[in-house]
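Summary of structural features
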Amino acid sequence: MKYDLIVIGAGPAGLMTAGRAGELGARVLLLEKNPSPGLKLLITGKGRCNISNNTFESREMIKQYGQNGAFLFSALHQFSVAETVDFFESRGLKTKVERGNRIFPVSDKSQDVLATLLKYCQDNNVEIRTNVSVKEIKKESNKISSIVLHGDTELSAYKYCIATGGKSYPATGSSGDAYIWLEGLGHSIVRPRPALTPINCQESFLEKLEGLSLKNIEISLWENDKKQASEFGEAIFTASGMSGPVILNLSNHIANRNSSYELQVDWKPALDREILDKRIQNDFRKFNNKQFKNSLDELLPKSAIPVFLELLKVDINKQVNLVTREERNRLIDLLKEFKLKVSWVHGFEKAIITRGGVNVKEVDPKTMQSKIIDNLYLAGEVLDVDGPTGGYNLQICWSSGYVAGSNIGQNIE
Ligand SMILES: Cc1cc2nc3c(=O)[nH]c(=O)nc-3n(C[C@H](O)[C@H](O)[C@H](O)COP(=O)(O)OP(=O)(O)OC[C@H]3O[C@@H](n4cnc5c(N)ncnc54)[C@H](O)[C@@H]3O)c2cc1C
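Residues numbered from 1 in each chain as written. Predicted model: local features only at pLDDT ≥ 70, side-chain atom pairs only at ≥ 80, totals over all residues. Heavy atoms only, no water.

**Points about the overall build of the protein chain**
From N to C terminus, the protein chain includes 13 helices and 19 strands. Dimensions of the protein chain, computed from the C-alpha atoms along their principal axes, are close to 85 × 45 × 35 Å. In the protein chain, which comprises 413 residues, the proportion classed as buried is 55%. Summarising the internal contacts of the protein chain: among those between residues at least 6 apart in sequence, 71% fall at separations of at least 24. Side chains of the protein chain carry 52 positive and 49 negative charges; the gap between the two charge centres is 3 Å. (Helix = DSSP H or I, 4+ residues; strand = E, 2+ residues; numbered from the N terminus. Buried < 20%, exposed > 50% of the residue type's maximum accessible area, 1.4 Å probe, protein only. Contact = heavy atoms within 4.5 Å. Lys, Arg positive; Asp, Glu negative; His and termini not counted. Charge placed at Lys NZ, Arg CZ, Asp CG, Glu CD.)

What follows is the structure, given as C-alpha cells:
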C-alpha cells in the first residue's frame, strides 16, 4: 500500500501532523528512530510539560518569536493558543495557567500530554513504527520519490513531512539528521546553534550555591559593561553557573566570543537601595547583640549567607550594631548587583532548543509546504523559528503540525 503521507519524527510536531492528516482521512505512516515516541516531550517543563502560553492575541504571541515571528502568523491564526487548549481539553486533558501565563496539564504530567497525542494518532489510524531511523531521502526532479531507512528498506508515499526537531539534547533523538537531507534536496539551512542554555560563570564560590533556587529575582546581562537585557522570575544556581527560565532567556543574548559578559543578580528587585537600607537597619536593631554572621537570616536564603560573608570582607564576628554605614553599603551593593563573570553558554547537550534550521523563506507559511520540493512539508523545531521559555516552542509544534496535517489531509491524491 502506498501511504498518503510519511511523517519522519514522532515528537510533538510529527504527532500533531500525523494525527491531523489521519483525522482528515489520509493513510499515514509515522516513523520514529527511538524505541518510543515523544522522548523529548516527556522531559519538557521538568516532566510537567509547559504546553503553551496563555497569550490569546496572536499578534502578541508573534512578538515573542523575534525576527522570524511573522512566519507563524498564518499558522497561529489557523491553530491558535485557544484552539490548542481546546484540542487538549476536548480530549480529556485538563489544563491550568501558572505564573508567566504558562499553560500546564492539571495533572502536572507530560506523559498525559503524550498519551493524548498518541490516542489522537491511534483514533485516526496512524501507523507508528518505532526503532526505524531514516538514512536518506531520494528525489526525482522536484519531488521526493522515496526514503531509505538504516537497514536499506525503501518506503514511499505521495507526501512527506519532516518533523525531526533540531540538534539539542541529542540523547532524545534530535541529532540534526534532517539538515543534511534538506540541503541535498535544495533547501538552505540557517546555521543551527544552541539556544536557551544554562550559563557558565567563573566564580569558584558557585559550588557553595549549587541547587539554590531563587524566585522573584531580577537578573541583568551586561556585555562589555553595557546592559543588554534583564529578566524577572526564577533562576537556580548550578555548580558552574546559573540556569532556570530567567537565565535561559538571557543566554540568547550571549553571542559574541570577543565580548566580556557579566550577570548581575538583584536579590531584592522590589526594594530600592534606600528602602533596602532601612530594612537592613531594622534587622540589625532587632539582632542588636548578635554577631554580624548571625544577622542575615531574614535577608538571605541560608545557603547564600556564607558566600555573602566571604565576599563582604566584614569581620563576621563583630557585633551587628558595630557594622558601619560603609559596610552596610557593601551589603546593599551585593544584594542589588551580585556580579558573576560569564565564561560561556552551554552547547547542544544542554540547550533547550536549536536556533536556526530550514530557512522559512523557502516554506509556505499558510501550509508548511516546501517551496522547493513539491511533496514535502516541514513542522516544528526543524524550522528556523524559535521563542523564549514559557510554552512558546511547543506552540510552534502544535500550530505548524496542525497546519501541515490539515493541508495534506485536505489534498489527498
Ligand atoms: C529539557 C527540555 C525542556 C523543555 N521544556 C519545554 C517546555 O516546557 N515548553 C516548551 O514549549 N518547549 C520546551 N522545550 C522545547 C521543546 O521540547 C521542543 O521545542 C520540541 O520538542 C520540538 O518538537 P519537534 O517535534 O519539532 O522535535 P523533537 O521533539 O525533537 O522530536 C523530533 C523526533 O524526530 C526523531 N528523529 C530524528 N531524526 C530521525 C530519523 N533520522 N529517523 C526517524 N526519527 C528521527 C527524534 O528521535 C525525535 O523523537 C524543552 C526542551 C528541552 C530539551
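**Points about a nonpolar patch on the surface**
A grouping of I43, Y169 and I352 is seen on the molecular surface, where their side chains present a nonpolar patch of about 240 Å² in accessible area. Among the structural elements, I43 can be located in helix α2 (residues 39–43). The exposure class assigned to I43 is partly exposed, which follows from its relative accessible area of 43%. (Patch = residues over 30% accessible without salt bridge, like charges linked within 9 Å, V, L, I, M, F, W, Y side chains within 5 Å. Areas by Shrake-Rupley, 256 points an atom, 1.4 Å probe, with all protein chains shown as cover. Salt bridge = Lys/Arg side-chain N within 4 Å of Asp/Glu carboxyl O.)

**Notes on helix α6 (residues 110–123)**
An ideal rise of 1.5 Å per residue puts 20 Å on 14 residues; α6 measures up with 20 Å between its terminal C-alpha atoms. Within α6 the residues assigned to the buried category are S110, V113, L114, T116, L117, Y120 and C121. Buried residues of α6 fall within an arc of 155° about the axis and therefore sit on the same side. On its buried side, α6 packs onto α1 (12–23), α2, α5 (81–89), β5 (102–105), β6 (127–129) and α13 (392–410). Taken from the residues just after α6, N125 is the one with a positive phi, measuring 60°. (Expected span 1.5 Å × (residues − 1). Arc of directions from axis to C-beta.)

**A few points about the pattern of salt bridges**
This structure, assessed with the given rule, holds 26 salt bridges. Taking the shortest distance from any N to any O, the salt bridge between K138 and E154 comes out at 3.3 Å. Of this pair, K138 sits in strand β7 (residues 134–140) while E154 sits in strand β9 (residues 154–155); the two residues are 16 residues apart in sequence, bridging distant segments of the chain. A single network of salt bridges, built from pairs that share partners, joins R48, K96, E98 and D108.

**Considerations on the site of the ligand**
The environment of the ligand is formed by 36 residues, the closest being E32, S174, D177, E381 and L394. In this structure, N34 approaches the ligand through a side-chain N or O atom, which is 3.2 Å from an oxygen atom. One of the side-chain nitrogen or oxygen atoms of S174 is found 2.8 Å away from an oxygen atom of the ligand. Contact with the protein chains hides 95% of the accessible area of the ligand, taken as 1000 Å² for the molecule alone. (Near = heavy atom within 4 Å. Polar contact = N/O pair within 3.5 Å; in protein donor to acceptor, adjacent residues only side chain to side chain.)

**As for the nonpolar core**
Core analysis: the largest hydrophobic core is formed by 78 residues, its most contacted members being I6, I162, L182, L383 and W398. With residues near it in sequence (within four places) discarded, I162 still touches I8, I137, A178, W181, L182, L376, Y377, L378, A379 and V382. Core analysis: the next-biggest nonpolar cluster, separate from the first, contains 48 residues, I247, I280, L300 and V307 among them. (Core = buried A, V, L, I, M, F, W, Y, C linked by side-chain atoms within 4.5 Å.)

**Concerning the side chain of T55**
Tracing the sequence through the fold places T55 in the loop between β3 (52–53) and α3 (58–63). Residue T55 is classed as buried on the basis of its relative accessible area of 16%. For T55, the residues in contact, after removing those within four places along its chain, are E60, M61, V81 and Y392.

**Some thoughts on α13**
Because each turn of an α-helix spans 3.6 residues, side chains separated by three or four positions end up pointing in the same direction. Between its terminal C-alpha atoms α13 stretches 27 Å, which fits the 27 Å expected from 19 residues at 1.5 Å a residue. Taking burial as the measure, the 19 residues of α13 include 18 buried ones, the bulk of the element.

**Some details on the sheet that holds strand β1 (residues 3–8)**
Ordered by their spatial adjacency, five strands build an open sheet running β6-β2-β1-β10-β19, and the pairing between neighbours is parallel. Looking at the sheet topology across the chains shown, the edges are occupied by β6 and β19 (376–378). Along the sheet, successive strands turn relative to each other by an average axial angle of 20°, direction set aside. Bridge count for β1 against strand β10 (residues 157–162) is five bridges, and the pairing is parallel. Across the sheet, I8 pairs through a bridge with I162, a residue of β10. (Pairing = 2+ DSSP bridges. Axes fitted to C-alpha atoms, helices over the stretch in contact; angles between N-to-C directions.)

**Side note on the domain arrangement of the protein chain**
Per the domain assignment, the segments of the protein chain are domain 1 (3–194 + 355–410) and domain 2 (198–345). Placing a centre on the C-alpha atoms of domain 1 and another on those of domain 2 gives a separation of 40 Å. Taken together, the five residues of domain 1 in the interface contact seven residues of domain 2. Here domain 1 and domain 2 share an interface that buries about 500 Å² over both sides, 37% of which is from carbon and sulfur atoms. Our count for the domain 1 to domain 2 interface comes out at one salt bridge. When the shortest N-O distance is used, the salt bridge between E234 and R99 registers 3.4 Å. For the pair domain 1 and domain 2, the number of links is three residue pairs in polar contact (both at pLDDT 80 or more). Looking at the side of domain 1 that touches domain 2, its residues break down into one nonpolar, one polar and three charged. (Domains from an automatic or database assignment. Buried area = accessible area lost by both parts, 1.4 Å probe. Nonpolar A, V, L, I, M, F, W, Y, C, P; charged D, E, K, R; others polar.)

**Some words on empty space enclosed by the protein**
By the definition in use, this model includes one cavity of 30 Å³ or more. Each pocket or cavity is described by its volume, and for the largest cavity that value is around 30 Å³. What lines the largest cavity is D4, Y158, K159, I408, N411, I412 and E413. Looking at the lining of the largest cavity residue by residue, the class counts come to three nonpolar, one polar and three charged. (1 Å grid on protein atoms, 1.4 Å probe; cavity = no way out; pocket = protein on both sides within 12 Å on 5 of 7 lines; lining within 4 Å. Points joined across faces, edges and corners; volume = space filled by probe spheres on them.)

**Some details on the environment of G233**
Within the fold, G233 resides in strand β14 (residues 226–238). C-alpha separation for the pair G233 and T17, spaced 216 residues apart in sequence, amounts to 34 Å.

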